[in-house]
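Understanding the architecture of this molecule
Here is what each chain is made of, one letter per residue.
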Amino acid sequence: MTATTVHARAGEMALTFTREFAAPAALVFRAHTEADLFARWMGPEGTTCRMDSFDARTGGAFRYTVVGRTATFTFFGAYHEVRQPDRIVHTWEFEGDPERPTLESLTLVDLPDGRCRLDGLSVYTSAEHCAEMLAFDETGAGIDENFTRLDGVLADLA
C-alpha cells in the first residue's frame, strides 16, 4: 500500500495534514524526536540532513540543514511541548525567509494492527504566508516525499 498525506486548508492561516504509518505511534514519535532517526528522513530524496543542534524536549530547540547537490536549506525552531508518545508542538522557520515562523502541532494516534495516524496542524504568521506555503506544495508531494523516507526508516526499525 502506498500511503499519501492528506492536507487541507483550515481557515485563512492554517493547513492540516494527516498520514497513516505502518508502525505504532511510539516508533513514529521516536523518529521525530531522536536526532539520528530524524536526519535519515528529513528532506527530499537525494539530500542529506545535517544536524547542527537537536534537543527534542519541552523547552528544547533545533537547527538543521538539508543539503542537496546545488543548494542548502537551514531550518530552526523551538519545542513547546514534547509528550511521549503522542504529541509534539514546535515552531519552525526557514533561515532563508526570516521572521515568519510556523507553529506546528503533531498528534499521533495508535490504530489497529500496529499502525498509527499522524494528525498535523501548521499555523502561519498571516493568510499570505499560508497561501504561499500551500502554493509551494499544493499537491502535498513535498511532505509525501519526506514521509515516504520516514516509512523506510520505520521499516528498518521494525
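Above this text you will find the structure in question.
One structure accompanies this document, and this report is about it.

By the definition in use, this model includes 15 salt bridges. Notably, a salt bridge pairs aspartate 52 with arginine 50, separated by 3.3 Å at the nearest N-O pair. Residue arginine 50 is classed as partly exposed on the basis of its relative accessible area, which comes to 44%. The closest approach of N and O atoms between arginine 63 and aspartate 52, which form a salt bridge, is 3.9 Å. Of this pair, arginine 63 sits in strand 4 (residues 61-67) while aspartate 52 sits in strand 3 (residues 48-54), and the two are 11 residues apart along the sequence.

One open sheet accounts for eight strands, arranged 1-2-8-7-6-5-4-3; its pairing is antiparallel. Each edge of the sheet is formed by a strand with only one pairing partner; in this case those strands are strand 1 (6-9) and strand 3. Averaged over all neighbouring strand pairs, the angle between strand axes comes to 20 degrees, with direction disregarded. Relative to strand 2 (residues 14-21), strand 1 is paired through four bridges, and the arrangement is antiparallel. Looking across to strand 2, one finds that arginine 9 is bridged to leucine 15.

Turning our attention to the nonpolar core. If you look at the biggest cluster of nonpolar residues, it comprises 32 residues, and the most contacted ones within it are Phe21, Val28, Trp41, Tyr64, Leu150 and Leu154. The element best represented in this core is helix 1 (residues 25-33), accounting for five residues. Excluding residues within four positions of it along the chain, leucine 150 makes contact with Phe21, Val28, Ala31, His32 and Trp41.

Quick notes on the rules
Residues numbered from 1 in each chain as written. Predicted model: local features only at pLDDT ≥ 70, side-chain atom pairs only at ≥ 80, totals over all residues. Heavy atoms only, no water. Salt bridge = Lys/Arg side-chain N within 4 Å of Asp/Glu carboxyl O. Buried < 20%, exposed > 50% of the residue type's maximum accessible area, 1.4 Å probe, protein only. Helix = DSSP H or I, 4+ residues; strand = E, 2+ residues; numbered from the N terminus. Pairing = 2+ DSSP bridges. Axes fitted to C-alpha atoms, helices over the stretch in contact; angles between N-to-C directions. Core = buried A, V, L, I, M, F, W, Y, C linked by side-chain atoms within 4.5 Å. Contact = heavy atoms within 4.5 Å.

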